[in-house]
Amino acid sequence: MPGTDLALLIDAALQAGKIATRFSGKEAKRWEKPDGAGPVTEADLAVNEMLEATLPAARPDYGWLSEETEDTAERLNRSHVFIVDPIDGTRSFAQGSRTWAHSLAICEDGVAIAAVVYLPQRDMLFAAAAGKGATLNGDPISVADISSLADAEVLAAKPNLNSAHWRDDNVPDFGRAYRPSLAYRMALVAQGRFNGMLTLRPSWEWDIAAGDLIIREAGGLCTDRFGAPLRFNNPKPKLNGVVAGGKQLHAQISAALNPESAGIPGH
């Protein structure tokens, strides 16, 4: 079933890309969500409308969780759930950048089993199915593991370098880069372009479910900031950050993090 589910997600992602690219970034209507939840554009809603009409119709027994759909408890009774972000990196999209993605996943009993992260304006389609490996545009990909954190290239927002997040206030001297889409950051680790990534703030499931599977199928390790495996379809769909990379590097990052730093601002 993961294979047929993946084919369904790939078709939906390609259709989403066609819809989103009809809008012209800065020209797309944009407004802020209530309670400081961030921006949304007419493109987000158009993509979400298509996905919500298409995917549950193809799998009527599956639950639904999307950033752009009002959440209900109904999904909690389903063993399989779609977890999607119609456009991850909405701010980037609204600024006219190409660095935004469609992030689509299917989870079974809390574990991602099929996933796609698609960047239509970069012609990059990352995909994975449980036990089948991870691909970029159909070609196999794998993480670039490294044992030395000091030599690593890590995707992380600057607030993650707050010394309070690290043991003995000792921030590791790794190379740092950033991309606005969290799903894309995770996919880049799976591709081996970067050795690892971390985000230490609470993270929405729809931003990370697809990337979690793609990294794991590329041979990496993906956990929350405390080292626990990522489990999805929670009543409150947020997790305690993400630490990802090759297995050696993941161990290095985890050992360097301060386990008592939860609640300190991080991104």
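As a starting point, this report considers the structure included with it. (Residues numbered from 1 in each chain as written. Predicted model: local features only at pLDDT ≥ 70, side-chain atom pairs only at ≥ 80, totals over all residues. Heavy atoms only, no water.)

Quick word on the packing of aromatic side chains
Okay, so step 1: Counted according to the given criterion, the structure contains five aromatic pairs.
Okay, so step 2: Taking the centre distance of 5.0 Å and the plane angle of 85 degrees together, the rings of phenylalanine 93 and tryptophan 100 count as edge-to-face. An identical accessibility class is assigned to phenylalanine 93 and tryptophan 100; each is buried.
Okay, so step 3: Cation over ring: lysine 238 sits above tryptophan 204, and NZ or CZ is 4.5 Å from the ring centre. (Phe/Tyr/Trp six-rings, centres within 6.5 Å; stacked < 30°, edge-to-face > 60°. Buried < 20%, exposed > 50% of the residue type's maximum accessible area, 1.4 Å probe, protein only. Lys NZ or Arg CZ within 6 Å of the ring centre and 35° of its normal.)

Considering helix H2 (residues 42-58)
Okay, so step 1: Its 17 residues give H2 an end-to-end C-alpha distance of 25 Å, which sits within 8% of 24 Å, the value for a rise of 1.5 Å per residue.
Okay, so step 2: Within H2 the residues assigned to the buried category are Ala43, Asp44, Val47, Asn48, Met50, Leu51 and Leu55.
Okay, so step 3: At the N-terminal end of H2, a side-chain oxygen is found 3.2 Å from the backbone nitrogen of alanine 43, two or three residues along, and the residue is threonine 41. (Helix = DSSP H or I, 4+ residues; strand = E, 2+ residues; numbered from the N terminus. Expected span 1.5 Å × (residues − 1). Polar contact = N/O pair within 3.5 Å; in protein donor to acceptor, adjacent residues only side chain to side chain.)

What to know about the sheet that holds strand S5 (residues 101-108)
Okay, so step 1: What the seven strands build is an open sheet, ordered S3-S4-S5-S6-S7-S8-S9; its pairing is mixed. At either margin of the open sheet sits one strand with a lone partner, and together these are strand S3 (63-66) and strand S9 (139-140).
Okay, so step 2: In this structure, S5 lies alongside strand S6 (residues 111-119), joined through seven bridges in antiparallel fashion. When the sheet's bridge partners are listed, histidine 102 is paired in S6 with tyrosine 118. (Pairing = 2+ DSSP bridges.)

Some details on the environment of glycine 219
Okay, so step 1: Structurally, glycine 219 can be placed in the loop between helix H5 (205-217) and strand S14 (221-223).
Okay, so step 2: Along the primary structure glycine 219 and glycine 245 are separated by 26 residues, whereas in three dimensions their C-alpha atoms are 8.9 Å apart.
Okay, so step 3: Not counting the four nearest positions on each side in its chain, glycine 219 is found in contact with Val143 and Lys247. (Contact = heavy atoms within 4.5 Å.)

Section: the side chain of serine 92
Okay, so step 1: Mapped onto the secondary structure, serine 92 falls in helix H3 (residues 90-94).
Okay, so step 2: With residues near it in sequence (within four places) discarded, serine 92 still touches Ser97, Thr99, Trp100 and Pro180.

Description of the sheet that holds strand S12 (residues 196-199)
Okay, so step 1: An order of S11-S10-S12-S16-S14 is seen for the five strands of this open sheet, with the pairing classed as mixed. Every interior strand has two partners, whereas the edge strands, strand S11 (175-177) and S14, have only one. Within the sheet, the average angular offset between the axes of one strand and its neighbour, ignoring direction, is 20 degrees.
Okay, so step 2: Relative to S11, strand S10 (residues 153-155) runs parallel, the two sharing three bridges. Note on S11: the bridge partner recorded for glutamate 153 is glycine 175.
Okay, so step 3: Sitting on the sheet, H5 touches S14 and strand S16 (242-245), and the angle it makes with S14 is about 150 degrees. (Axes fitted to C-alpha atoms, helices over the stretch in contact; angles between N-to-C directions.)

Some details on unusual backbone geometry
Okay, so step 1: We note that asparagine 137 has phi near 50 degrees; this positive angle belongs to a residue other than glycine.
Okay, so step 2: Although it is not a glycine, asparagine 233 sits at a positive phi angle of roughly 65 degrees.
Okay, so step 3: Within the secondary structure layout, asparagine 233 lies in the loop between S14 and strand S15 (238-239).
Okay, so step 4: You can call asparagine 233 buried: its relative accessible area is 13%.

Some words on helix H4 (residues 182-191)
Okay, so step 1: H4 sits mainly inside the fold: nine of its ten residues count as buried.
Okay, so step 2: Of the positions making up H4, those classed as buried are Leu182, Ala183, Tyr184, Arg185, Met186, Ala187, Leu188, Val189 and Ala190.
Okay, so step 3: Immediately beyond the C-terminal end of H4, within one or two residues, lies glycine 192, with a positive phi of roughly 90 degrees.

Observations concerning the pairing of S6
Within a regular strand, the side chains alternate between the two sheet faces.
Okay, so step 1: With eight of its nine residues buried, S6 lies for the most part within the structure.
Okay, so step 2: In textbook terms, the turn of a hairpin is the stretch between consecutive antiparallel strands, and for S5 and S6 this stretch comprises two residues, one of which, aspartate 109, has a positive phi near 50 degrees.
Okay, so step 3: Bridge count for S6 against strand S7 (residues 124-129) is six bridges, and the pairing is antiparallel. Bridging from a neighbouring strand, valine 117 pairs with phenylalanine 126 of S7.
Okay, so step 4: Counting the residues between successive antiparallel strands, the hairpin from S6 to S7 contains four residues, one of them, aspartate 123, with a positive phi of roughly 50 degrees.

Considering the nonpolar core
Okay, so step 1: Grouped together as the largest cluster of nonpolar side chains are 43 residues, with contacts concentrated most on Ile83, Val117, Phe126, Met197, Ile208, Ile214 and Phe232.
Okay, so step 2: Of all the secondary structure elements, the ones that give two or more residues to this core are strand S4 (80-88), S5, S6, S7, strand S8 (134-136), H4, H5 and S16.
Okay, so step 3: Looking at which element gives the most residues to this core, the answer is H4, with eight residues.
Okay, so step 4: In contact with isoleucine 208, not counting residues within four places along its chain, are Leu182, Met186, Ser203, Leu230, Phe232, Leu239 and Val242.
Okay, so step 5: Core analysis: the second largest hydrophobic core is formed by 29 residues, Ala13, Ile19, Ile106 and Ala127 among them. (Core = buried A, V, L, I, M, F, W, Y, C linked by side-chain atoms within 4.5 Å.)

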